[in-house]
Amino acid sequence: MKEQLQQTQNQAESAIKDAHSMQELQEIRVKYLGKKGELTAALRGMKDLSNEERPKIGKIVNEVRANIENALETAMTEVKQKEKNIRLSNETIDVTMPGKEVEIGHKHPLTGVLDEIKNIFIGMGFKIAEGPEVETVYNNFDALNAPKNHPARGMSDTFYINDEILLRTQTSPVQIRTMKKAKPPIKVISPGRCFRYDTPDATHSPMFHQIEGLVIDKNITMSDLKGTLNLFAKQLFGENTKTKFRPHHFPFTEPSAEIDVTCFKCQGEGCRVCKGSGWIEILGAGMVHPNVLRECGIDPEEYSGFAFGMGLDRITMLKYGVEDIRLFFENDMRFIEQF
Amino acid sequence: MLVSLEWLKEYVNLDNIAVEDIREGFIMSGSNIETVEAIGENIKKIVVGKILEIEKHPDAKSLIVTQIDIGEEVIQIVTGADNVKVGDYIPVILNGGRLPDGTKIKKGKLRGILSNGMMCSGQELGITDNLLPMNQNKEGIYILDKEYPLGTDIQEITGLKGHVIEFEITPNRPDCLSMIGMAREAQATFNREFKYPNVALKEEHGDIKEYISIDIEDTKLCDRYVGKVITDVKIKPSPLWMQSRLMKAGVRPINNIVDITNYVMIELGQPLHAFDLDYIEGNQIIVKKAKEGEMFKTLDETERKLDSNMLLICDAKKAVALAGVMGGENSEVKDTTKTIFLESAHFDGDHVRATSKKLALRTEASSRFEKGVDPNVTLIAANRACQLIEELGAGRIVKGNIDVYPNPVKEKGIEVRPTRINKVLGTSLSTEEMKTIFESLEFKVENHGENVIVTVPTFRHDMETEVDFVEEVARIYGFNNLDTTLPKSNSQGGKTIGQILEDQAKFILNAAGMNEIQTYSFVSPKSLDLLCFKEDSLMRNTIKLLNPLGEENSIMRTTIMGNVLEVLARNYNRNVERAKAFELGNTFIAQEDEKSLPLEKKAVTLGMYGKEVDFFEIKGIVEKLFEGLGIEDVAYIPEKNHPTFHPGRCANIIYKDHLLGVFGEVHPDVAENYGMNTRIYLGEIDFELILQLAKTDKFYKQLPKYPAMTRDFALVVKDDIYVKQIEDIVKENGGKILESIKLFDVYKGKQVEEGYKSVAYSLVYRSKDRTLTDEEVTKVHGKIIEELEGKLDGTLRE
């Protein structure tokens, strides 16, 4: 009996050694350890043994069983590992193939830059004011201290609906609306569409976008204007950006300035973008004219303020190197999808 | 304004300041500069030569062979020019020389004969044709006006050298449209002394009263009129120094008299006009208004019809000039003119503008009067012109002048508070520092308690109120010298709810694969026809532009659908395979009262075409948009009558009793109108309503704790039953335990009778507080099926 058991163990171990798949191993388990298996049969045969022999043989049977189980366990682990390795190697794919197309829409480039500018000013405590594209002559010109005979008022500069209504040529009328509605302190930017009588070409568009700003409070100085726009320029164009304030003339501000920033393409070295000067003109600004404050019911002796304006289209063109403004309004998908 | 630096230096000493520093200085004190041109900087080896001999070229009919004395030697030059003769002094470019445009000249043979250089034309000297003096020949060689030392550098003779600065003069500073104006600015900017030209006449004869009398009828439109008379006039070209200064100022030299009037205009800013006195009848000048319909021929040989508002200069019988705009042909100065009446007058700017606009006749004089001329420079300018006439030997000056100036304009004093200036600028300048600045601008300053009274010369009519003085201090002190501070007050920045929702809507649409576009707010009236809107459609309630660029931009859009289709069509024509785009922008609806502003309403418009794009894609995006903006329970109701859309593939978007918008497949007629042979999907949503309905607050719903039970069914119904009808019945009968409905299949075909379809749904039942029993669910589900079968005449499919 003992020899027989030993032989069974040897047979099982050799079968396990020769097995190559989980299935074969399962079969071996059934053959030796299953209900109808050889060891079970051996156990069953124990009832014929003497009382002395039974525990001895019983011990051996258990030992053999444990040995076969161990051998099976080890072999199964090995085979699993092998099978996994085979699967992994069969599943190799060309990871350099393109990814699945995930469709994401793109912001219009003007929106992208506008969002950036809005965020900068919001961070500086500005709110965003909006107004209509079709405006009154009063809000667009009269209240802004524009002389009655100013050429900008002409039909060759401005689109009119009738003698009192026009398409706004700037977003400054939003400033008038804001000042008439709210009491200082006022701190807003007003972005939006504007219109001027220009035939479209690479640098002109009858519709374009402006972003204007207005700050009105007690003790606002021209130095505050400089500080505000300096900070803005640094945030939009980079920490090393410098500004140059040149005196200029606008009817609704005095003193007035045009502001150049160091060319962000060449950092002031001089390049094609800045036409070799190292500077790019991007802003007009000034201290709000007392006539404008008075017109809006604000006492210029008590309050002062500054205003500024910039062309979104121009800044976007410069920033992205777009050489033709018409691309913004043609909306070729292949253009929009670049931003 | 073109300013020759060399001419400017006659009035202000700018020695030892580099051109680049002059440029920067002017820019930073407010005189913006567009360009600085170095005149003839490329020129090399062009000298004065004299033609000694001219012979025909033996082998070429059109060429001549000349011998030119250039001082040190005589050189041979072959030329094709035919306007030269022996004895002429001409510019010669020598072998190895260089023209202003950079062209290098080398000696060479022309048809076998050696040419050691070239004689130069005006153009070759760098003079553009429109500035070439009248006495020079455009096609020929530039002939010097007299004998000059042979071999002298040509630039020394012609004056075509040095720098010309092009200033951008703002409309508030017409005084800067003159040499003395810019010289004054230079004084303030560079702290150098400004000198007025010394105006004095050497010799006068006779008495002007014997020649002319002047009478102004309308002193409002002409508040000053100065006349001078010049006899023994000899019309000839003016000398090269004057010609070169005029050319550098962009003015073409004509003859000595015209040149002198232009010269003085550029120098002092005062337009002058010279009449041939022999053609002025009755020895009389009367300034008066024209008769309605009166005809007058200006010296550009154009007959013009005048109205009774236009001011004329007349003699005893007729008009001789259109005041401040242009002289008449009848009294024009000609080569034969012997006696001149010189006008230096001051006309009302607005009046000149009106006349010039009505006649569409804009001249240098009219433009200057429009912008503003100093009424107190009038007499000086007349005398300055006479001084130059005398110096150039162009005539003899008659003694005396007539100066009709009934109400002389006086300088005014304005009180200025230095404290206010510092307050606005954020500076702490002393009153003395400010006084120095004002004085450098030729203002007079007196102390007045804590403040100062500043008296401003009449050439600065832009100085009206205190704030004008704030600006003068700021720009002369230097904007760059101001501090850099931030406003002291605290304020909370941010966006309004509406602005946040707009951002959110754009974000959702981008995330759904839609590209944002931006199109013109003005469109063509034809776009409404292309969209097939009916004649009485509200969309035709447009506002029109008075002066559009063209018909295609002549009305304000009432819908963005046309714009979006146009963009889709453009992409389609450019073979872009697929386009999915949206615009969020304004539409404009006319009000009844045409003097009120139109109603501006925001709309968001979606459009798409391309492979795999279908109705349910645009619907899915619309649904996501509402979901993302917190607008629930939106219904989609079939719309069969919208002319822009496919009658069977269009839905209105309804929320309670609001019509939020419409979308669907574009009607093939409309697609054809836009030249597109493909299916297009389009939708427009009223964004103003969205702003009202959107909910930004979000509340968390507990995650399910108890298991769900799913029951599917397939219902066979008639083809024309909308799934919405099925869903409405399901929802109505589902009670609290119906968690969700999902349509998973719609089948038409062999298995189903013709005219019917099978619609398959998956219903999920769940309770918040317990595990549902089979019986409970079966009861509700059974009721739903029963209702569906009953109300929709449907049968359950096995």
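In this text the structure is predicted, and so the values were computed from the model without any measurement.

Scoring rules and cut-offs
Residues numbered from 1 in each chain as written. Chains lettered and ligands numbered in written order. Predicted model: local features only at pLDDT ≥ 70, side-chain atom pairs only at ≥ 80, totals over all residues. Heavy atoms only, no water. Contact = heavy atoms within 4.5 Å. Buried area = accessible area lost by both parts, 1.4 Å probe. Salt bridge = Lys/Arg side-chain N within 4 Å of Asp/Glu carboxyl O. Polar contact = N/O pair within 3.5 Å; in protein donor to acceptor, adjacent residues only side chain to side chain. Pairing = 2+ DSSP bridges. Helix = DSSP H or I, 4+ residues; strand = E, 2+ residues; numbered from the N terminus. Buried < 20%, exposed > 50% of the residue type's maximum accessible area, 1.4 Å probe, protein only. Core = buried A, V, L, I, M, F, W, Y, C linked by side-chain atoms within 4.5 Å. Axes fitted to C-alpha atoms, helices over the stretch in contact; angles between N-to-C directions. Expected span 1.5 Å × (residues − 1). Domains from an automatic or database assignment. Phe/Tyr/Trp six-rings, centres within 6.5 Å; stacked < 30°, edge-to-face > 60°. Lys NZ or Arg CZ within 6 Å of the ring centre and 35° of its normal.

Student: Break down the interface of chain B and chain A for me, citing the residues and quoting the values.
Tutor: If you look at the interface, chain B gives 84 residues, while chain A gives 84 residues. For the pair chain B and chain A, the summed buried surface comes to about 7100 Å²; carbon and sulfur atoms form 51% of the total. On the chain B side of the contact with chain A, Phe 479, Gln 518 and Leu 549 of chain B bury the most area, a combined 10% of that side's loss. Linking chain B to chain A there are 10 salt bridges. Ionic pairing is found between Lys 595 of chain B and Glu 164 of chain A, a salt bridge with its closest N-O pair at 3.6 Å. There are 50 residue pairs in polar contact (both at pLDDT 80 or more) connecting chain B and chain A.

Student: Explain the sheet that holds strand β16 (residues 284-289) of chain B to me, using residue names and the numbers behind them.
Tutor: All names here are of chain B. In spatial order, the strands read β13-β16-β19-β20-β21; together these five strands make up an open sheet with mixed pairing. Each of the sheet's edge strands pairs with one partner strand only, and the pair in question is β13 (213-216) and β21 (326-327). Here strand β19 (residues 311-314) runs beside strand β20 (residues 319-322); their pairing, made up of three bridges, is antiparallel. Each residue of the ladder has a partner; that of Ile 313, found in β20, is Ala 321.

Student: Give me the lowdown on the pairing of strand β6 (residues 243-250) of chain A, citing residues and values where you can.
Tutor: Residues and elements named next belong to chain A. With six of eight residues buried, β6 lies mostly within the body of the structure. Relative to strand β7 (residues 253-262), β6 is paired through seven bridges, and the arrangement is antiparallel. For His 248, the partnering residue across the bridge sits in β7 and is Ser 256. Taking the residues between adjacent antiparallel strands as the criterion, β6 and β7 are bridged by two residues.

Student: Any chance you could break down the nonpolar core for me, citing the residues and the numbers?
Tutor: The nonpolar side chains of a soluble globular protein tend to be buried with one another. By size, the foremost hydrophobic cluster in this structure holds 90 residues, and its most contacted members are Leu 8, Tyr 225, Ile 313, Phe 341 and Phe 347 of chain B. Not counting residues up to four positions away in its chain, the partners in contact with Phe 347 of chain B are Leu 221, Cys 222, Tyr 225, Leu 311, Ile 313, Ala 323, Gly 324, Val 352 and Phe 369 of chain B. Counting 85 residues, the second-largest nonpolar core is a separate cluster that includes Leu 114, Ile 128, Ile 189 and Ala 233 of chain A.

Student: Outline the side chain of Arg 193 of chain A, listing residues and values.
Tutor: Structurally, the position occupied by Arg 193 of chain A is in strand β4 (residues 186-195). Residue Arg 193 of chain A is classed as buried on the basis of its relative accessible area, which comes to 8%. Side-chain polar atoms of Arg 193 of chain A contact the side chain of Ser 521 of chain B, separated by 2.8 Å. Other than its neighbours up to four places away in sequence, Arg 193 of chain A contacts Glu 133, Arg 168, Met 207, Phe 208 and His 209 of chain A together with Gln 518, Thr 519, Tyr 520, Ser 521, Arg 557 and Glu 583 of chain B.

Student: If you had to explain the sheet that holds strand β11 (residues 163-168) of chain B to someone new, which residues and values would you point to?
Tutor: Residues and elements named next belong to chain B. Spatially, the three strands line up as an open sheet ordered β1-β11-β2, and their pairing is antiparallel. Across the chains shown, the open sheet's two edge strands, defined by having one partner strand only, are β1 (2-4) and β2 (32-38). In this sheet, adjacent strand axes meet at a mean angle of 25° when their direction is disregarded. In this sheet, β11 lies alongside β1 in antiparallel orientation, the contact comprising three bridges. Paired with Val 3 across the two strands is Ile 165, which belongs to β11. Running at roughly 165° to β2, helix α2 (residues 19-28) makes contact with β2 and β11 of the sheet.

Student: Explain helix α16 (residues 615-628) of chain B to me, and be specific about the residues and the numbers.
Tutor: Because each turn of an α-helix spans 3.6 residues, side chains separated by three or four positions end up pointing in the same direction. For α16 of chain B, built from 14 residues, the straight-helix expectation of 20 Å at 1.5 Å per residue is met to within 8% by its first-to-last C-alpha distance of 20 Å. At the N-terminal end of α16 of chain B, a side-chain oxygen is found 3.0 Å from the backbone nitrogen of Phe 616 of chain B, two or three residues along, and the residue is Asp 614 of chain B.

Student: Any details on the domain arrangement of chain A? Residues and values, ideally.
Tutor: For chain A, the assigned domains read domain 1 (2-90) and domain 2 (109-336). For domain 1 of chain A and domain 2 of chain A, the distance between their C-alpha centroids amounts to 88 Å.

Student: Account for the pattern of salt bridges, with residues named and values stated.
Tutor: With the rule as written, the count across this model stands at 75 salt bridges over all chains. Measuring nitrogen to oxygen at the nearest pair gives 2.2 Å for the salt bridge that ties Arg 578 of chain B to Glu 103 of chain A. Residue Arg 578 of chain B is located in the loop between α15 (561-573) and β31 (579-589), and its partner Glu 103 of chain A is located in the loop between α4 (53-90) and α5 (109-123); the two belong to separate chains. Among the residues examined, Glu 103 of chain A registers a relative accessible area of 31% and is labelled partly exposed. The network of salt bridges with common partners includes Arg 173, Asp 175, Glu 185, Arg 460, Asp 462, Glu 472 and Arg 475 of chain B.

Student: So what's going on with α15 of chain B? Which residues, and what values?
Tutor: Residues and elements named next belong to chain B. Over its 13 residues, α15 runs 18 Å from end to end, which matches the ideal 18 Å to within 8%, given 1.5 Å per residue. Those residues of α15 not exposed but buried are Met 561, Gly 562, Asn 563, Val 564, Leu 565, Val 567, Leu 568, Ala 569 and Asn 571. Phi for Asn 575, located one or two positions after α15, is positive at around 60°.

Student: Tell me about the packing of aromatic side chains, and please be specific about residues and values.
Tutor: Per the stated rule, a full pass over the model turns up 32 aromatic pairs over all chains. Summarising the aromatic geometry, the rings of Trp 241 of chain B and Tyr 263 of chain B are spaced 5.8 Å apart at their centres and angled 90° between planes, so their arrangement reads as edge-to-face. Placement of Trp 241 of chain B in helix α5 (residues 240-248) and of Tyr 263 of chain B in helix α6 (residues 256-268) is noted, with a sequence separation of 22 residues between them. Through successive ring pairs, a cluster of aromatic residues spans Phe 159, Phe 195, Tyr 197, Tyr 320, Phe 328, Phe 329, Phe 335 and Phe 339 of chain A together with Tyr 520 and Phe 522 of chain B. The ring centre of Phe 459 of chain B lies 3.4 Å from the NZ or CZ of Arg 184 of chain B, which sits over that ring. Taking the ring centre of Tyr 279 of chain B as reference, the NZ or CZ of Lys 334 of chain B above it sits at 4.6 Å.

Student: Go over the environment of Leu 131 of chain B with me, naming the residues and quoting the values.
Tutor: All names here are of chain B. For Leu 131, the position within the fold is in the loop between β10 (117-119) and α3 (154-158). The buried category is assigned to Leu 131, whose relative accessible area is 16%. Sequence separation between Leu 131 and Ser 244 is 113 residues, and the spatial gap between their C-alpha atoms is 9.8 Å. Contacts of Leu 131, omitting those with residues within four sequence positions, involve Met 247, Gly 250, Val 251, Arg 252 and Pro 253.

Student: An account of the pairing of strand β39 (residues 756-765) of chain B is needed here, citing residue identities and associated values.
Tutor: Residue and element names in this part refer to chain B. In terms of burial, β39 is largely enclosed, as nine of its 10 residues are buried. Alignment of strand β37 (residues 709-718) against β39, held across 10 bridges, turns out to be antiparallel. Note that in β39 the partner of Thr 710 across the bridge is Val 764.

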